[in-house]
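Residue-level listing of the chains:
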Amino acid sequence: MATGAASWLPLSAGERSVAIEVLVHGPLSRTDLSRRLSLSAGSLTRLTKPLIESGLLVEAPEAGGAVETRQGRPSRPLDVVAGSRSFIGFKITEDMVYGVVTTLRSEVVARRARPLASRHPAEVVEVLGETADELARAHPGIAGVGIGVGGLVRDRAVVAESPFLGWRDVPLAALVEERTGLPVVVENDVAALVESETWFGAGRGLDRFVVLTVGAGIGYGLVLGGRRVPCAQEDRGFGRHWILDPNGPLTPDGARGSAVSLLTIPSIRYQVQAATGRELTYEEILALAADGEPMAARVVEEAARGLGVLVAQIANFVMPQKILLAGEGVGLMGVGGATVEATVRAHRHPLAAPVTLETKVSDFHDWARGAAVPAIQVLVLGTGQA
């Protein structure tokens, strides 16, 4: 493990709770921290002392220079030094590797993108290694690497199955660690994004939170009690069988009227091409729909209704405080947002509270940022989840 990160480990359960609370919600006064964690002043002092001595926590000046008075002594709020450690996050797609460098608080300070000439694991590992070398030269002191992959990941180390890459049982963490000399954490890309948004994004501080991603596929992540709910069937393509309209379209990748057939970018492109003979990009289809071109408008309207049904079903069963819609396919909201909202209302009880639906316009570098968060969790704090 990288020097510096190791000096913060191992953390006791109590120290870990304090570190996570300050990392995610800081700066925090000691009084606020004691209240949040139900700790006495003495217990908090005992737990924070080694964290301050190791450099993980610092006493930071409060806004306006104000300080808290505790037992007759002034006390400054506790915070982390976000720039004290850096992490690399990677997102692997079918033909590209996207990389970022983040701070301890997942703030992106550098971005890279490199094409993949081959999906063979050895070739992909070499591209990851070359990109990590380049980023590490520009940002010395990298503490670890997080990699997000579309597929089933075992033990945050092995890509058990990735239909997008055609991989089975690839020990990606070990291969990249050997190539880079850095500790590596591998995670399903949607799961990593959910962790990122729970700790540092739209779901921070929420008890019940859902992330729904639309792009090449459909991704779903659930947070209950402020923690992501892991699932053995993660990324097993449930969207192919989540039927939103029994009379909807049939596409090569999903059952008739399924979330995949209605909402994913490949399925929307397939429908338009099958009807018109024209091979159009997703962006071109959305633009045509916005201009009123009949076929594009019909497909996009049908997709928007399907998304509205999906959001309403999630809201009805999970009752989340917020649903975050993310991924490369969120441009659908720009054209069909009104239809999505009307459909959500039509499939909810008239007296039900409105669904808080937040749309995050993102690219693959955002997925790479998400991949860095499990590395922060595991390598710095020694934990998989908050």
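Residues numbered from 1 in each chain as written. Predicted model: local features only at pLDDT ≥ 70, side-chain atom pairs only at ≥ 80, totals over all residues. Heavy atoms only, no water.

Caption draft 1: A look at the packing of helix α4 (residues 121-138) against helix α5 (residues 172-180). Orientation of α4 relative to α5, taken along the N-to-C sense of each, is 45 degrees, at an axis distance of 9 Å. The pairing of α4 with α5 is recorded here as oblique in orientation. α5 is crossed by α4, and the crossing has right-handed handedness. Counted together, Val-125, Glu-126, Leu-128, Gly-129, Glu-130, Ala-132 and Asp-133 of α4 and Leu-172, Leu-175, Val-176, Arg-179 and Thr-180 of α5 form the full contact between these two elements. (Axes fitted to C-alpha atoms, helices over the stretch in contact; angles between N-to-C directions. Helix = DSSP H or I, 4+ residues; strand = E, 2+ residues; numbered from the N terminus. Parallel < 35°, antiparallel > 145°, perpendicular 65-115°, else oblique. Left-handed = near helix turned anticlockwise from the far one by under 90°. Contact = heavy atoms within 4.5 Å.)

Caption draft 2: Main features of unusual backbone geometry. Here the residue pair Gly-26 and Pro-27 is connected by a cis peptide bond, since its omega of 5 degrees sits within 30 degrees of zero. When you line up the elements, Pro-27 lands in the loop between α1 (13-25) and α2 (30-37). One non-glycine residue with positive phi stands out, namely Arg-156, at about 50 degrees. Tracing the backbone through its elements, the reader meets Arg-156 in the loop between β9 (152-154) and β10 (158-162). By relative accessible area, Arg-156 is classed as buried at 18%. For Asp-169, which is not glycine, the phi dihedral falls at a positive 50 degrees. Relative to the helices and strands, Asp-169 resides in strand β11 (residues 167-170). Residue classification places Asp-169 among the partly exposed positions, given a relative accessible area of 48%. (Buried < 20%, exposed > 50% of the residue type's maximum accessible area, 1.4 Å probe, protein only.)

Caption draft 3: Spatial organisation of the sheet that holds β11. Spatially, β9-β10-β11 is the arrangement adopted by the three strands of the open sheet, whose pairing is antiparallel. Of all the strands in the sheet, just β9 and β11 have a single pairing partner and so form its edges. Across the sheet, the mean angle from the axis of one strand to that of its neighbour is 20 degrees, orientation sign disregarded. Pairing of β9 with β10 involves three bridges; the strand directions are antiparallel. Paired with Arg-154 across the two strands is Val-158, which belongs to β10. (Pairing = 2+ DSSP bridges.)

Caption draft 4: Geometry of the side chain of Lys-360. In this structure, Lys-360 sits in the loop between β17 (357-359) and α12 (364-381). Of the residues examined, Lys-360 reaches a relative accessible area of 19% and is grouped as buried. A polar atom in the side chain of Lys-360 sits 2.4 Å from the side chain of Glu-197. Not counting residues up to four positions away in its chain, the partners in contact with Lys-360 are Glu-197, Leu-324, Leu-325, Ala-326, Gly-327, Val-330 and Arg-369. (Polar contact = N/O pair within 3.5 Å; in protein donor to acceptor, adjacent residues only side chain to side chain.)

Caption draft 5: Layout of the packing of aromatic side chains. One pass over the full model with this rule turns up three aromatic pairs. Measuring from centroid to centroid gives 5.9 Å for Trp-199 and Phe-200, while their planes differ by 65 degrees, and the two rings are edge-to-face. For the pair Trp-199 and Phe-200, a shared accessibility class is recorded, and that class is buried. One cation-aromatic arrangement involves Lys-91 over Trp-367; the distance from NZ or CZ to the ring centre is 5.1 Å. (Phe/Tyr/Trp six-rings, centres within 6.5 Å; stacked < 30°, edge-to-face > 60°. Lys NZ or Arg CZ within 6 Å of the ring centre and 35° of its normal.)

Caption draft 6: Expanded view of the side chain of Ser-267. Here Ser-267 lies in helix α8 (residues 265-276). Accessibility expressed as a relative area gives 2% for Ser-267, which makes it buried. Only 3.0 Å separates the side chain of Ser-267 from the backbone oxygen of Val-260, close enough to count as a polar contact. The contacts of Ser-267, once residues within four sequence positions are left out, are Thr-251, Val-260 and Ser-261.

Caption draft 7: Seen up close, helix α11 (residues 332-346). Of all the bends in α11, the greatest, near 50 degrees, is centred on Ala-338. Taken residue by residue, α11 has Leu-332, Met-333, Gly-336, Gly-337, Thr-339, Val-340, Thr-343 and Val-344 as its buried positions. Contacts from the buried residues of α11 go to α7 (259-263), α9 (282-290), α10 (294-318), β16 (322-326) and β17. (Bend = angle between axes of the 7 residues up to and from the residue.)

Caption draft 8: Examining the packing of α1 against helix α3 (residues 41-54) more closely. Look at α1 against α3: their axes get within 9 Å of each other, and the N-to-C directions meet at 75 degrees. Classified by the angle between their axes, α1 and α3 sit roughly perpendicular to one another. Contacts between α1 and α3 involve Gly-14, Glu-15, Val-18 and Ala-19 on the former and, on the latter, Leu-44, Leu-47, Thr-48, Pro-50 and Leu-51. When its residues are assigned to classes, the contact of α1 with α3 shows six nonpolar, two polar and one charged. (Nonpolar A, V, L, I, M, F, W, Y, C, P; charged D, E, K, R; others polar.)

Caption draft 9: Quick look at the sheet that holds strand β8 (residues 142-149). The five strands are arranged β7-β6-β5-β8-β12 in an open sheet whose pairing can be described as mixed. Two strands lie at the open edges of the sheet, namely β7 (108-115) and β12 (184-188), each paired on one side alone. In this sheet, adjacent strand axes meet at a mean angle of 20 degrees when their direction is disregarded. Of the strand pairs in this sheet, strand β5 (residues 86-92) and strand β6 (residues 96-102) are connected by six bridges, and their pairing is antiparallel. Along β6, the bridge assignment pairs Phe-87 with Thr-102. Sheet strands touched by α4: β5, β6, β7 and β8. Its angle to β7, the strand with the most contacts, is close to 145 degrees. Where α5 meets the sheet, it contacts β5, β8 and β12, and its direction lies at approximately 145 degrees from that of β12.

Caption draft 10: The arrangement of the pattern of salt bridges in detail. In this structure the tally under the stated criterion is 23 salt bridges. Between Glu-59 and Arg-30 there is a salt bridge; the shortest N-O distance is 2.8 Å. You can see Glu-59 sitting in strand β1 (residues 57-59) and its partner Arg-30 sitting in helix α2, a full 29 residues away along the chain. Given the relative accessible area of 44%, Glu-59 is considered partly exposed. The buried category is assigned to Arg-30, whose relative accessible area is 10%. Measuring nitrogen to oxygen at the nearest pair gives 3.9 Å for the salt bridge that ties Arg-208 to Asp-207. Arg-208 gets classed as partly exposed once you look at its relative accessible area, which sits at 31%. Given the relative accessible area of 38%, Asp-207 is considered partly exposed. Counted as one network, the salt bridges with shared partners bring together Glu-21, Asp-32, Arg-35 and Arg-36. (Salt bridge = Lys/Arg side-chain N within 4 Å of Asp/Glu carboxyl O.)

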